Amino acid sequence: MAEMKRTTKPTTNRGGNRRRRHKHRQWFLRQRKKQLRRDMRKKRRGDSGARPLSGLHLNMHTKGSVSSDRERRITIQLPAVLDFDENYEQSASHFAVLREAIHKRKKIRSLDFSSIESISPSAALVLASEVDQWNQQVGRRLRANLPSWKDDIKRLLCQMGYFELLELEKPEEAWPTKSITFLKFKRGQANAENSGQLAKQLRIEIETLVEQRIKKHFLFEGLSEAITNVGQHAYRDEVDSRRKQWWLSASYDEDERKLCVTFYDQGDGIPVTLPRYRFFERIKDVFNSWTDSQKIEAATQIGRSASGLEERGKGLQNLVEFAKVHSVGKLSIYSLQGMYVQSYTNDGTNASQTSARKDFDNSIGGTLIEWSVTL
Amino acid sequence: MVGDIMKRIDIAKDFSDTPLGRYPTDSPVSGERFREELLCPALKDNDSVTVVIDGAEGYGSSFLDEAFGGLVRKGYYSADQLEQLLKIECNDPEYVIYKSLIWKYIKEARKK
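Each chain has its residues counted from 1, running along the sequence as written. Note on labels: chains are lettered from A, ligands numbered from 1, in written order. With pLDDT at 70 or above as the cut-off, local features in this predicted model cover only qualifying residues; side-chain atom pairs require 80 or more to be listed or tallied, and sums for whole chains, interfaces and linings still use all residues. Working from all heavy atoms in the structure, the side-chain values ignore hydrogens and water.

### So, the packing of aromatic side chains
Right, on to step 1. Stacked, edge-to-face and tilted are the three classes for Phe, Tyr and Trp ring pairs, Trp counted by its six-membered ring, which pair at centre distances within 6.5 Å; planes under 30 degrees apart are stacked, over 60 edge-to-face, the rest tilted. Using the criterion set out here, one finds 19 aromatic pairs over all chains in the structure.
Right, on to step 2. Between A:Phe84 and A:Tyr334 the ring centres are 5.7 Å apart and the planes differ by 50 degrees, which places this aromatic pair in the tilted class. Residue A:Phe84 is found in the loop between strand 5 (81-82) and helix 2 (88-103), and its partner A:Tyr334 is found in strand 12 (residues 328-335); the two are separated by 250 residues along the sequence. You'll find A:Phe84 and A:Tyr334 in the same group, each marked buried.
Right, on to step 3. Ring centres of A:Tyr88 and A:Tyr334 lie 6.0 Å apart, and the angle between their planes is 5 degrees; this geometry places the pair in the stacked category. Taken together, the residues A:Tyr88 in helix 2 and A:Tyr334 in strand 12 connect sequence positions 246 residues apart.
Right, on to step 4. Relative accessibility thresholds used throughout: buried, under 20% of the residue-type maximum; exposed, over 50%; partly exposed, between the two (1.4 Å probe, protein chains only). Taking relative accessible area as the criterion, A:Tyr88 reaches 5% and is therefore assigned buried.
Right, on to step 5. Clustering of aromatic rings is evident, with ring pairs tying together B:Phe15, B:Phe34, B:Tyr59, B:Phe63, B:Phe68, B:Tyr95 and B:Tyr98. Going along the chain from the N terminus, every DSSP run of H or I of four or more residues is numbered as a helix, and every run of E of two or more is numbered as a strand.

### Here we look at the sheet that holds strand 1 (residues 6-10) of chain B
All names here are of chain B.
Right, on to step 1. Reading across from one edge, 1-2-3 is the order of the three strands in this open sheet, with parallel pairing throughout. Across the chains shown, the open sheet's two edge strands, defined by having one partner strand only, are strand 1 and strand 3 (86-89). Averaged over all adjacent pairs, the angle separating strand axes in this sheet is 20 degrees, with direction ignored.
Right, on to step 2. The pairing criterion for strands is at least two bridges between them, as found by DSSP. The pairing of strand 1 with strand 2 (residues 48-52) spans five bridges and is parallel. The residue of strand 2 that forms the bridge with Lys7 is Val49. Each axis is a line fitted through C-alpha atoms, taken for helices only over the stretch in contact, and angles between the N-to-C directions span 0 to 180 degrees.

### Details of the sheet that holds strand 6 (residues 108-112) of chain A
All names here are of chain A.
Right, on to step 1. Taken in spatial order, the three strands line up as 3-4-6 in an open sheet, and their pairing is mixed. Single-partner strands in this sheet number two, and they are strand 3 (66-68) and strand 6. Within the sheet, the average angular offset between the axes of one strand and its neighbour, ignoring direction, is 15 degrees.
Right, on to step 2. Pairing of strand 4 (residues 74-77) with strand 6, which is carried by four bridges, proceeds in the parallel orientation. The residue of strand 6 that forms the bridge with Ile74 is Ile108.

### Details of the pairing of strand 13 (residues 338-346) of chain A
Residues and elements named next belong to chain A.
Right, on to step 1. Two strands pair when backbone bridges link them, and strand 12 and strand 13 are joined in this way by eight bridges, in the antiparallel orientation. In the sheet register, Leu331 faces strand 13, and the bridge partner there is Gln342.
Right, on to step 2. Linkage of strand 12 to strand 13, two consecutive antiparallel strands, is achieved through a turn of two residues, within which Leu336 is found at a positive phi near 50 degrees.
Right, on to step 3. The sheet contact formed by strand 13 and strand 14 (residues 351-359) spans nine bridges and is antiparallel.

### Some words on the nonpolar core
Right, on to step 1. To define a nonpolar core, start from buried Ala, Val, Leu, Ile, Met, Phe, Trp, Tyr and Cys residues and group those joined through side-chain atoms within 4.5 Å. In this structure, A:Phe113, A:Ile119, A:Leu127, A:Ile206, A:Val261 and A:Phe263 are the most contacted members of the largest nonpolar core, which totals 96 residues.
Right, on to step 2. The domain boundaries here were taken from an automatic or database domain assignment. Shared between two domains, this core holds at least three residues of each, these being domain 1 (50-168) and domain 2 (178-375) of chain A.
Right, on to step 3. Grouped together as the second largest cluster of nonpolar side chains are 35 residues, B:Val51, B:Ile53, B:Ile102 and B:Ala109 included.

### Side note on the interface of chain B and chain A
Right, on to step 1. A contact between two residues is defined here by any heavy atoms of the two lying within 4.5 Å. Contacts between the two partners involve 28 residues from chain B, matched on the other side by 26 residues from chain A.
Right, on to step 2. For chain B, the biggest contributors to the area lost against chain A are B:Leu20, B:Asp26 and B:Glu57; these three give 27% of the whole.
Right, on to step 3. Salt bridges are defined by distance alone: a side-chain nitrogen of Lys or Arg within 4 Å of a carboxyl oxygen of Asp or Glu. Connecting chain B to chain A are two salt bridges.
Right, on to step 4. Here A:Lys200 makes a salt bridge to B:Asp17, at a shortest N to O gap of 2.5 Å.
Right, on to step 5. The definition of a polar contact used here is a pair of N or O atoms within 3.5 Å, where within protein one atom must be able to donate a hydrogen and the other to accept one, and adjacent residues in sequence count solely through side-chain atom pairs. Our enumeration of links across chain B and chain A arrives at eleven residue pairs in polar contact (both at pLDDT 80 or more). Once two parts are brought into contact, the accessible area they lose, counted with a 1.4 Å probe and summed over both, makes up the buried area.

Keep in mind these values describe shape, not function.
Right under this line is the structure:
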């Protein structure tokens, strides 16, 4: 019997070893498949630094700024410099995360303003549009820890209307007076009866602030075309006109006598809407290889060089006039991942014009138009 | 002899001081609406029409092109007929540019 046991035991072990080896091979293959899937996902993201956190896509600029707690509520810490001129990628990336969180209706625990040391009028308007979207779409109060804000940021954001947006009580403390003043932002929508009146109201507020009359008809010309573009092109797939929104604000730097007017929409963007013109449809093979900034530049040329080509192509030309008629003026158009700037100087005898383009890694999430002029 | 019947339309007072957009889908005070509701009926019923452009906040090209260029594109009038029928009045020197733009859009427009 003992002999028999000795002969049968190795046979059983051989079967067991085979099963174990088979199981191990299966496990190994499963791990390899998982790794391959992970690699594929990483490759598709095209950004080695990107990691989804609570379903949000982060990049190298935002991975240290977004955290979530055990209840998957997220906190977004805004960067020290929110400015598209000086810190575009970081500013645009943070706004993109906030936009995605709102779009996906994530639970946002708080929006952390405490690190902000400087904020440009354009960045403040884009951020205001995102918070405004949160209020409209989600409705819950967005928490922001006011005492941690820098005094100057507190003052600027209060002027722009953030206290109302964030339902914060305005403190009575006297804030330091700086030369820059923001005007409260205005939200409009396509086909609304009050669109033109909002533009007029902003002009009146600007004239009160700068204590002089401005070239109102040129400003209205630009703003009315920007508003028209939102209705006609920007939100192509949006059927509800209430969601075809735009935001508008202005700021004035008293020391430099610099007036800045900003207009923003969260639509499809000029690089996407431009091919709908018949001319660009005809050259789409060439057109598709252009960068976003090249497409924005092309959009500003319609109506100037292709007069009579199509009656619906004169709009963007109206934007430049307000910048052109001042001694120093600049029109900046950011749309998706591109930027196009036209700068003008005119000392009464000599006038000059320069332009520049730039492309970025991150999208601004719509179209931002900024007029900057010296009064 | 009966004198010519003349009509005067002040855009800022009779239509809107913030005219905006090309079509009614852009804005309730669009160029198409101004053309169809005020300008065309006035041109039809009168021997000449004077349009006053002062007083408005400003004009975008979409509004002006659709309001005035649209008269030719829609086949209501030719550019030559409009030169006889239509007068653009402008007392504010800053708005003279819009007067020349209106005639530019009328001359550039082609009947569809």
